[in-house]
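# An overview of the molecular structure
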Amino acid sequence: DAKTTQPTSMDCAEGRAANLPCNHSTISGNEYVYWYRQIHSQGPQYIIHGLKNNETNEMASLIITEDRKSSTLILPHATLRDTAVYYCHLSSNTGKLIFGQGTTLQVKP
Amino acid sequence: GAVVSQHPSWVICKSGTSVKIECRSLDFQATTMFWYRQFPKQSLMLMATSNEGSKATHEQGVEKDKFLINHASLTLSTLTVTSAHPEDSSFYICSVRPLSYNEQFFGPGTRLTVL
């Protein structure tokens with residue numbers, strides 16, 4: 001799998017937007033960017049994915065740069081329940097997900 | 001997305017016993033399921049890929065005879081930790097990748113404690 005790099009941790013004030021960056025400079029043309037999160041002591045949860053266009057769903061927005069070498073997950077109005085570890089992945093032909101350390105997002109009141 | 005269940009949600013066992021963990025895809029058929037293990041304050045580690053009707057593929061360093069996987073139907077995969085030892089205590093999580101999906105949907109996890 002191509003590698004992604006994310007900051008280890010971030011803080012965000014409750015009600016504000018949380019912007020989580022991910023670098024994937026070696027991404028190839030047909031690889032998608034996927035985001036998952038894991039709330040403490042739970043299984044990971046799929047959030048969103050995209051190829052090159054920006055995407056939005058009920059959980060988040062995904063902004064992918066034009067060169068596709070980085071992306072940003074945006075939680076528009078973070079709540080305390082959004083405190084979690086957020087993982088950025090690239091799709092693979094095998095379907096495997098190899099988890100890095102992700103970004104620990106702490107939403108503070 | 002797919003709904004995935006795991007049973008049991010937690011288990012405590014004595015050293016040397018075997019423990020079976022079930023992973024069920026409740027609303028999608030899945031030819032492929034994945035098993036992960038997570039130690040405290042660490043990320044998930046992929047253990048094996050479970051393929052319906054064929055042998056599982058274990059990741060390097062994961063003993064296939066220690067961690068037995070059976071994927072007997074399109075909705076059920078089981079992981080058996082044989083002769084469990086305290087170092088096998090961990091959070092075990094399965095995931096499902098339904099047909100026509102690229103994303104994975106995860107179960108709630110099973111916490112195993114070996115005394």
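Please refer to the structure higher up on the page.
In this report, the structure presented in the accompanying data block is examined.

What counts, and where the lines are drawn
Residues numbered from 1 in each chain as written. Chains lettered and ligands numbered in written order. Predicted model: local features only at pLDDT ≥ 70, side-chain atom pairs only at ≥ 80, totals over all residues. Heavy atoms only, no water. Pairing = 2+ DSSP bridges. Helix = DSSP H or I, 4+ residues; strand = E, 2+ residues; numbered from the N terminus. Axes fitted to C-alpha atoms, helices over the stretch in contact; angles between N-to-C directions. Contact = heavy atoms within 4.5 Å. Buried area = accessible area lost by both parts, 1.4 Å probe. Salt bridge = Lys/Arg side-chain N within 4 Å of Asp/Glu carboxyl O. Polar contact = N/O pair within 3.5 Å; in protein donor to acceptor, adjacent residues only side chain to side chain. Disulfide = S-S within 2.5 Å. Buried < 20%, exposed > 50% of the residue type's maximum accessible area, 1.4 Å probe, protein only.

## Side note on the sheet that holds strand β7 (residues 67–73) of chain B
All names here are of chain B. With antiparallel pairing, the four strands of this open sheet are ordered in space as β1-β3-β8-β7. Every other strand in the sheet has two partners, leaving β1 (4–7) and β7 as the edge strands with one partner each. Each strand of the sheet is rotated relative to its neighbour by a mean of 15°, with strand direction disregarded. Examined bridge by bridge, β1 and strand β3 (residues 19–25) share four bridges and lie antiparallel to one another. Of the residues in β3, the one forming a bridge with Gln6 is Cys23.

## Some details on the interface of chain A and chain B
Counting residues at the interface gives 18 residues for chain A and 19 residues for chain B. Surface buried jointly by chain A and chain B totals about 1,400 Å² across both partners, of which 53% is contributed by carbon and sulfur atoms. For the chain A face of the interface with chain B, the top three residues by lost area are Pro44(A), Lys96(A) and Phe99(A), together amounting to 28%. At the junction of chain A with chain B, the criterion picks out one salt bridge. A salt bridge links Glu59(B) to Lys96(A); the shortest N-O distance between them is 2.8 Å. Our count for the chain A to chain B interface comes out at four residue pairs in polar contact (both at pLDDT 80 or more). At the level of secondary structure, the elements contributing two or more residues to the side of chain A that touches chain B comprise β3 (33–38) and β4 (45–50) of chain A. Per-element tally for the side of chain A that touches chain B: the top contributor is β3(A), with three residues.

## Re the side chain of Gln38(B)
Along the chain, Gln38(B) falls in strand β4 (residues 32–38). Setting aside anything within four residues of it in sequence, one finds Gln38(B) in contact with Gln38(A), Tyr87(A), Ser43(B), Leu44(B), Ser90(B), Phe91(B) and Ile93(B).

## Describing the state of the cysteines
Covalently bonding the sulfur atom of one cysteine to the sulfur atom of another cysteine gives a disulfide. The final tally for this structure, using the stated rule, is two disulfides over all chains. What pairs with Cys22(A) in a disulfide is Cys88(A), and their sulfur atoms sit 2.1 Å apart. On the S-S bond that ties Cys22(A) to Cys88(A), the torsion sits near -80°, and the link is left-handed. Placement of the pair is Cys22(A) in strand β2 (residues 18–23) and Cys88(A) in strand β8 (residues 84–90), with a sequence separation of 66 residues. Taken as a pair, Cys22(A) and Cys88(A) share a single burial class, namely buried. Put simply, Cys23(B) and Cys94(B) are joined by a disulfide, and their sulfur atoms are 2.0 Å apart. Of note, the bridge from Cys23(B) to Cys94(B) carries an S-S torsion of about 80° and is right-handed in sense. Of this pair, Cys23(B) sits in strand β3 while Cys94(B) is found in strand β9 (residues 90–97), placing the two residues 71 residues apart along the sequence. In terms of burial, Cys23(B) and Cys94(B) fall into one category: buried. Cys12(A) forms no disulfide, and the closest cysteine sulfur to it belongs to Cys22(A), at a distance of 18 Å. Left without a disulfide partner, Cys13(B) is nearest to the cysteine sulfur of Cys94(B), which lies 19 Å away. Look at Cys13(B) and you get buried, because its relative accessible area is 9%.

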